[in-house]
Number of protein chains: 4
Amino acid sequence: MSHEIDLSKYTVRTDLVIESIKEKDIKGIITNQKKIDNILIDEVIVSKEAESYCGKKKGKYITISFDDVTDISNQKKVETVLVSQIKDFLTYMNILDSDKCLIVGLGNINSTPDSLGPKVADSVIVTKHLFDLDGIDVLDGYRNVSSFKPSVLALTGIETKDSISGIIKETKPDFVVIIDALASSSIDRVNKTIQLTDAGIFPGSGVGNSRGELSFKTLGVPVIAIGVPTVVDAVTIVSDTINYLMKKFSYSKKNFNNVKNKLKPITSINYLEDQLDNLTASDRKKLLGEIGKLSEDEMKQLIFEVLTPIGYNMMVTPKEVDFLIDKLSLVISNSINRALHPNVKIID
Amino acid sequence: MSHEIDLSKYTVRTDLVIESIKEKDIKGIITNQKKIDNILIDEVIVSKEAESYCGKKKGKYITISFDDVTDISNQKKVETVLVSQIKDFLTYMNILDSDKCLIVGLGNINSTPDSLGPKVADSVIVTKHLFDLDGIDVLDGYRNVSSFKPSVLALTGIETKDSISGIIKETKPDFVVIIDALASSSIDRVNKTIQLTDAGIFPGSGVGNSRGELSFKTLGVPVIAIGVPTVVDAVTIVSDTINYLMKKFSYSKKNFNNVKNKLKPITSINYLEDQLDNLTASDRKKLLGEIGKLSEDEMKQLIFEVLTPIGYNMMVTPKEVDFLIDKLSLVISNSINRALHPNVKIID
Amino acid sequence: MSHEIDLSKYTVRTDLVIESIKEKDIKGIITNQKKIDNILIDEVIVSKEAESYCGKKKGKYITISFDDVTDISNQKKVETVLVSQIKDFLTYMNILDSDKCLIVGLGNINSTPDSLGPKVADSVIVTKHLFDLDGIDVLDGYRNVSSFKPSVLALTGIETKDSISGIIKETKPDFVVIIDALASSSIDRVNKTIQLTDAGIFPGSGVGNSRGELSFKTLGVPVIAIGVPTVVDAVTIVSDTINYLMKKFSYSKKNFNNVKNKLKPITSINYLEDQLDNLTASDRKKLLGEIGKLSEDEMKQLIFEVLTPIGYNMMVTPKEVDFLIDKLSLVISNSINRALHPNVKIID
Amino acid sequence: MSHEIDLSKYTVRTDLVIESIKEKDIKGIITNQKKIDNILIDEVIVSKEAESYCGKKKGKYITISFDDVTDISNQKKVETVLVSQIKDFLTYMNILDSDKCLIVGLGNINSTPDSLGPKVADSVIVTKHLFDLDGIDVLDGYRNVSSFKPSVLALTGIETKDSISGIIKETKPDFVVIIDALASSSIDRVNKTIQLTDAGIFPGSGVGNSRGELSFKTLGVPVIAIGVPTVVDAVTIVSDTINYLMKKFSYSKKNFNNVKNKLKPITSINYLEDQLDNLTASDRKKLLGEIGKLSEDEMKQLIFEVLTPIGYNMMVTPKEVDFLIDKLSLVISNSINRALHPNVKIID
């Protein structure tokens, strides 16, 4: 069947750098990982030469991974990490306390999985109009901040890049913070990851329409992009599951004689950490036939070819999306307020 | 008490030209009235020389007055009138079928009485992105239309005029249609009037903050403004009522011996058309003491001075505002769609 | 003109006992006032014999009056007072910690000024389903609580009293807490007052439709009603203003020679505390003619007769109603949670 | 691997009878299919004896399947079919024109995929309060209808069955129409199917919590349930895809020498109708290894066992869910209005 596969057709739908790089020691990519309070922080630096390999632009990427943001105490922990990561980015990019910021919330407020950006934009503290007032002293401890919600092409008819450019030319911010809902290429990252980068953002890439790069290159000012994956496509769900199936098989093989495991209920065995190291080509073939011979990319391509002609490669989102997006937009807007304005009080 | 009155302090809060001109034969103002299906259409043309008199900019103003837009058949009648008035304005302003339009919805989507503009902007048909596609033929019977919601200063930190200017410079429309919720200076116009004008608009004038003129002069392209009064201030409610009180007294005086009236229930007598022609100065004084001697403007100034120091000159809106704004935004977006795109089917 | 007045026609539209009793020493009414942190707490006990006088049912009424609930620190103060007042009511009504509670949020979630009840009902902590689980131990420090939103007659076709009765019969709570948006008869109470009572509630009385008493008598279990005035009618705005006009006149008369006042800007003089004690009948007549001779009730009746036939005695609400209702529902749901469940942590 | 499978663990998550019966000629199940305007109508009658086989209660089930409800002309076609199917059910159940109806909208208005029921309940025409008015003549051409939204257990603490029972006992309707969002066991039915039945409904079965049967047996009055699948679980997406993979393989095998197909783009081949009739056991094994040997139920069980321990068997919903639910609730409320009240005008 593999003779039918055209690998040029399926592009993995992910906006996350952490999903684009799979091997650790690649020329031009530096990675670093730390863990605070069960929250994982991955730093990836992509060099110019590595761009073509990983499909991501040159720049620094921070990926914050967490389990659950619906629990109030966990939410506060994620917020603390995010505040400190945004501040580090400001320092890293040589942004001064006196630099003016435009916050841009991408997405469609009327479509729940896509409403993260506009919700954050509505909740950040803006001050530009106060700084603009004649005779007002500069607000001590507050930065000059404004916000903008470009909405989406289908509702406005205007390219997102064009409307943001227009606002930048007219209001002259020194840097831009852009918030967007992203697409992920793995189930376990949906609503559980925040990515920060200075490499720019490609709005709509998650839903198949690239609508113009938003970056220093196209906007003329430094850009910090903050994104959260809120949707995943059906190809991802299926290929992830087949991958888990193999991990479970590998895990079972290793633990065949482990009496302790036999006593555990099936729902308590977490085999996700299995490295598939003991699964031979013959094992894979036995388990999954011709399918088992495919690489991950070939597998995704095949599933893409199965689902697309019949119209079922839809983008999906968890059932609890309304509640999750509310929480995530609160975490992000609180963090931005605290990172941009030194004097914002922390009201927990 | 009148010696305390400083007439410079209270500006009548109205965005409606029909409320700004009170006498009919003024130099430099031409008025014309017609009635279609119980809907009143007032045309007012203000010349340069009359600007200072009526406090309104030079231009043409159309005021459409109706009773009730919650009734489905009445709603369709208002829509028909509005479509034809918008088309007449396009002709009057020499706007061609091939001219590109930007629709701007002013206001705050999160505050019901102020959400008319954004709701209309969300419901109009946009086509600019389709025209922009390489290789697409011009859509037959559809105009090139885009839309923009600038939100409000307190949420964005950006002057409305600045963000609209930015969008215009980047997207180069040939004309702009702006929709806004207005303030009225009389109770009976709230949610029952639509004003169209080519004279520009002053966003926020209704709520006491002038946030920069939006007009040909400031934006560089022709502007059609469509507004609906959705709020009224407390001064207006009180002074209107005192005015109605005098009309009722005058009406009673005239109809003192009208036996037929005595048999009518009090709630069925409509004295609003009374012209106050038989109310002498002495009558007024007898009825209302010193207050009766005041002109309408002096009365408003006095009430303003009474309510302002104690913080009660609030802007109010009818209790049913959610329902009314939904209906009005439907009427306006339907009408814009039908007036701008010849091929839009009328789905009633 | 007063010969035309029929006092039976206009009923003052107020759900607040504090507005129904005007003189302090009436047989059968006990009042008591205290102030905590600028928040006024009025306790009124109406006896059976006083019912006909004040138009309010026998029972205890607590009125909490505050300035502003949009300020976060003030909001916390109101919450603290409300928690303690609800707890006092539970004690006063002999309600035990083990008694089961049904929380009922009256009103229409789709009409902002009327959405207070449903919003509170959506935000309270419910536990009944957990207590109902077989084998679960009683939750330590949590009461058995359920909630119900009956919506409104026009949307359901069902009397509010009937649907609440049905739920009570089926779920058997020991007492009921009912939350509703009320009508006020004075501008200065709108969104600035919370009333608690054990005397029951008459839903819809504020908007002219009495839809069946909700009380111990009709529901068969003790009822605590919590209400906030969110609307006022036009008659109220006008009569309040005429009253303020007289106070201002009286204040000016007293302070005629007060040089200090002459230097103050007009907006800084608060004459609301004036007791009208030096305003003679002749003063009133000079100021307001025949109108000045009317009592407050006669005045309201007259204004009612002026506005009603022409359809302008609408119920109105401040322009900022969306924001105010959100804050007030947060204050009330937080307070109920803290008063009903000893173990709820205070997350400020 | 199959020795590890415990088939008792995974219950296929479907509320649709059409998915529960797979073979056509079963004793005790009568099926019938017709097609109107590209809309498929399946009638299934389950007898008492067939209950245990298909896991569905005795009764009549109508399944309406359509492609797309976002297109206005298609939407009207679905509406026409639904009106006629509801009317047929009323006749079939011997419900008279004078019988009183209670419409119940199950679900959580704040969670988009679960908001179908409450949205329909908010949009149906209610008349009970008008019939209840003393002295009002029966409304000609209108039925006595009321509505109720029980919300969900987690928000109210009250079992849905209990609150509906309470309302029924108090208001005494002759029959009940219940609307709910369902779970589907196949991707291609999500938001594209409406099921009607007189066999009752099990709220929450789709999301794993059975919260009490709603049927003639438990409520004491006839029940018509109207449901739309709006969510699907991850197990379903994966097993559907593996099934499609086999169909595609089978289709390719059959059409290997079909030159015409080779010229078609891959996205235009619809192999869904393939019956898998030429796929031998050996073919399956070659293609999918051990996995290929499993029956559909065993496959689902296996995937369930893979996804559940790692927490990824989430319920998902398409990204466009907000828009789809709005359209579907409009179609259903319009249809109910037209089927229940003979005199409702069709405003298309």
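Now for a quick tour of the structure. (Residues numbered from 1 in each chain as written. Chains lettered and ligands numbered in written order. Predicted model: local features only at pLDDT ≥ 70, side-chain atom pairs only at ≥ 80, totals over all residues. Heavy atoms only, no water.)

**Describing the interface of chain D and chain A**
Each partner contributes residues to the interface: chain D has 49 residues there, and chain A has 49 residues. Of the roughly 4700 Å² buried between chain D and chain A on both sides combined, carbon and sulfur atoms contribute 72%. Run the count over chain D and chain A and you get zero salt bridges. Counting across the interface, chain D meets chain A through twelve residue pairs in polar contact (both at pLDDT 80 or more). Top contributing element to the side of chain D that touches chain A by residue count: helix α9 (residues 234-254) of chain D, with nine residues. In the side of chain D that touches chain A, the residues fall into 29 nonpolar, ten polar and ten charged. (Contact = heavy atoms within 4.5 Å. Buried area = accessible area lost by both parts, 1.4 Å probe. Salt bridge = Lys/Arg side-chain N within 4 Å of Asp/Glu carboxyl O. Polar contact = N/O pair within 3.5 Å; in protein donor to acceptor, adjacent residues only side chain to side chain. Helix = DSSP H or I, 4+ residues; strand = E, 2+ residues; numbered from the N terminus. Nonpolar A, V, L, I, M, F, W, Y, C, P; charged D, E, K, R; others polar.)

**Brief notes about unusual backbone geometry**
Even without being glycine, K172 of chain A reaches a positive phi, approximately 55 degrees. Looking at the secondary structure, you find K172 of chain A in the loop between α7 (160-171) and β6 (175-184). With phi around 60 degrees, N94 of chain D is a residue other than glycine that occupies positive phi space.

**Some remarks on the environment of V228 of chain D**
All names here are of chain D. Considering the arrangement of structural elements, one finds V228 in strand β8 (residues 223-233). Spatially, the C-alpha atom of V228 lies 8.4 Å from that of L328, the residues being 100 residues apart in sequence. Discounting residues that sit within four places of it in the chain, V228 has contacts with L116, D180, A181, L182, N191, T193, I194, L328 and I332.

**What about the relation of the copies chain D and chain C?**
Between the two copies of the chain lies a relationship made up of a rotation around an axis and a movement along it. Here chain D sits on chain C after a turn of 180 degrees about the axis and a move of 0.0 Å along it, with an RMSD of 0.1 Å. On the angle and the small slide along the axis, the relation comes out as a two-fold axis. Ranked by how close their C-alpha atoms come to the rotation axis, the residues of chain D are headed by G166 of chain D, at 2.0 Å. (Least-squares fit on C-alpha atoms with pLDDT ≥ 70 in both.)

**Remarks on the side chain of D42 of chain A**
Residue position: D42 of chain A is located in strand β2 (residues 39-46). Looking at D42 of chain A, its side chain comes within polar contact range of the side chain of Q33 of chain A, at 2.8 Å.

**Description of the interface of chain D and chain C**
Chain D puts 24 residues into the contact, and the matching count from chain C is 24 residues. Each partner contributes to the roughly 2100 Å² buried at the junction of chain D and chain C, and carbon and sulfur atoms together form 57% of this total. There are two salt bridges connecting chain D and chain C. Its salt-bridge partner being E170 of chain C, residue K169 of chain D comes within 3.1 Å of it at the nearest N-O pair. Linking chain D with chain C are eight residue pairs in polar contact (both at pLDDT 80 or more), by the criterion used here. Broken down by element, the side of chain D that touches chain C gets its largest block of residues, eight residues, from helix α7 (residues 160-171) of chain D.

**Overview of the pairing of strand β7 (residues 193-197) of chain D**
Residues and elements named next belong to chain D. Of all the five residues making up β7, five are buried; the element is thus mostly covered by neighbouring parts of the structure. Residues T193, Q195 and T197 point to one face of β7 and I194 and L196 to the other, with burial holding for every one of them. Sheet topology note: the strand β3 (residues 59-65)/β7 ladder contains five bridges and is antiparallel. Within β7, the residue paired with I62 across the bridge is L196. As judged from the three bridges shared by β7 and β8, these two strands associate in the antiparallel manner. Looking across to β8, one finds that L196 is bridged to I226. (Buried < 20%, exposed > 50% of the residue type's maximum accessible area, 1.4 Å probe, protein only. Pairing = 2+ DSSP bridges.)

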